[in-house]
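So you can see what is in the structure, the chains are spelled out below.
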Amino acid sequence: MRAEPPAWAPGPAQAAALLEEAADLLVLHRDFAAAVERCEAGCDSLGPGPGPGHESFAEVKCSLCVVGIQALAEMNRWREVLSWVLQYYHVPEHLPPKVLELCILLYSKVREPQVMLEVGSSWLGSQANRSLPEFGSLLELYLAQVLLPLGRFGAAEELVRGCPALDSERRLQLLGTIGDSRGRWRQEEETRPGAEEQQDPAAETLLGVLSQKLLTMLTLLRRTLRSMSNHFYLLPYKKMLLATFLLYLVVVRLDPASPTSLPFIYKLVQLFRQAWAAVLSPVHRPPIGD
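In this text the structure is predicted, and so the values were computed from the model without any measurement.

### Let's talk about helix α2 (residues 32-45)
The end-to-end C-alpha distance of α2 is 20 Å, a good match for the 20 Å that 14 residues give at a rise of 1.5 Å each. Phe 32, Ala 34, Ala 35, Val 36, Arg 38, Cys 39, Gly 42, Cys 43 and Ser 45 are the residues of α2 that are buried. Those residues of α2 that are buried are in contact with α1 (12-29), α3 (58-74) and α4 (81-89). Just downstream of α2, Gly 47 is the residue with a positive phi angle, here 85°.

As structure tokens, this is what we get:
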């Protein structure tokens with residue numbers, strides 16, 4: 001049983017102590033819920049978002065959020081991550097680069113990049129963030145993990161062309177990447193209608209066992225007709241229909257597990273054998289090759 005943390009004086013000393021304890025809970029004890037609680041307590045002790053007098057708290061607050069994000073993800077509470085972070089930074093433009101990067105990677109990993117679409121756009125559109133050294137790398141990360149997977153190629157090109165942090169060579173490389181991604185997207189769209197025409201699982205469920213029986217019947221008929229294809233024109237038409245109908249009754253309409261069906265199945269089998277013998281009588285039986 002862990003002791004409650006001492007009542008520290010508000011400020012960076014308390015936040016730093018809570019950060020150390022949260023990291024210990026996350027890595028060593030794997031007590032993720034307690035780690036989140038320590039991170040929340042540390043962020044609360046630092047007060048609201050960035051402002052006068054809070055610059056020295058920024059690094060500790062960012063680290064608390066990073067540990068909290070990891071703990072929430074470990075508990076499979078990744079849907080809460082963005083709202084949890086924004087309660088301490090209030091607007092996307094104030095998110096630290098490290099926190100924004102971690103959020104983009106997290107929602108990309110769980111295949112929900114649309115969650116970061118507006119957040120990333122707001123952060124990259126802020127004039128205050130354009131002077132940060134991480135701006136260029138975050139732009140490329142946002143491009144690769146959010147815009148391109150969502151098919152936002154126009155927005156991606158506009159973002160690249162308007163980014164002052166990119167030199168001309170890197171800008172051309174990114175525009176080429178966007179063009180390649182657009183080409184692959186179009187190819188996938190062309191093949192998508194064929195996939196949509198495939199039978200959906202609900203329809204397959206409705207068909208159930210009957211579909212399997214029909215498939216078995218058709219397979220048997222195909223094999224029979226293929227073996228007789230060279231002499232098909234000699235077969236009596238009515239006898240062929242009778243044999244097909246009897247085969248349909250045996251395979252599809254009857255339940256062999258039912259006791260009441262056994263005598264009728266036996267009679268049908270006898271009739272089927274007689275019909276088959278008549279179909280392949282010496283007059284119609286194909287000659288045996290050497």
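### Some points on the packing of α3 against helix α5 (residues 97-109)
Contact geometry for α3 and α5: axes closest at 9 Å, N-to-C directions at 15°. Between α3 and α5, the angle falls in the class roughly parallel. For the element pair α3 and α5, the recorded crossing hand is right-handed. Note on element contacts: α5 touches α3 through Lys 98, Val 99, Leu 102, Cys 103 and Leu 106, opposite Cys 62, Cys 65, Val 66, Ile 69 and Ala 73. Looking at the contact of α3 with α5, its residues break down into 9 nonpolar, no polar and 1 charged.

Thresholds applied
Residues numbered from 1 in each chain as written. Predicted model: local features only at pLDDT ≥ 70, side-chain atom pairs only at ≥ 80, totals over all residues. Heavy atoms only, no water. Helix = DSSP H or I, 4+ residues; strand = E, 2+ residues; numbered from the N terminus. Expected span 1.5 Å × (residues − 1). Buried < 20%, exposed > 50% of the residue type's maximum accessible area, 1.4 Å probe, protein only. Contact = heavy atoms within 4.5 Å. Axes fitted to C-alpha atoms, helices over the stretch in contact; angles between N-to-C directions. Parallel < 35°, antiparallel > 145°, perpendicular 65-115°, else oblique. Left-handed = near helix turned anticlockwise from the far one by under 90°. Nonpolar A, V, L, I, M, F, W, Y, C, P; charged D, E, K, R; others polar.

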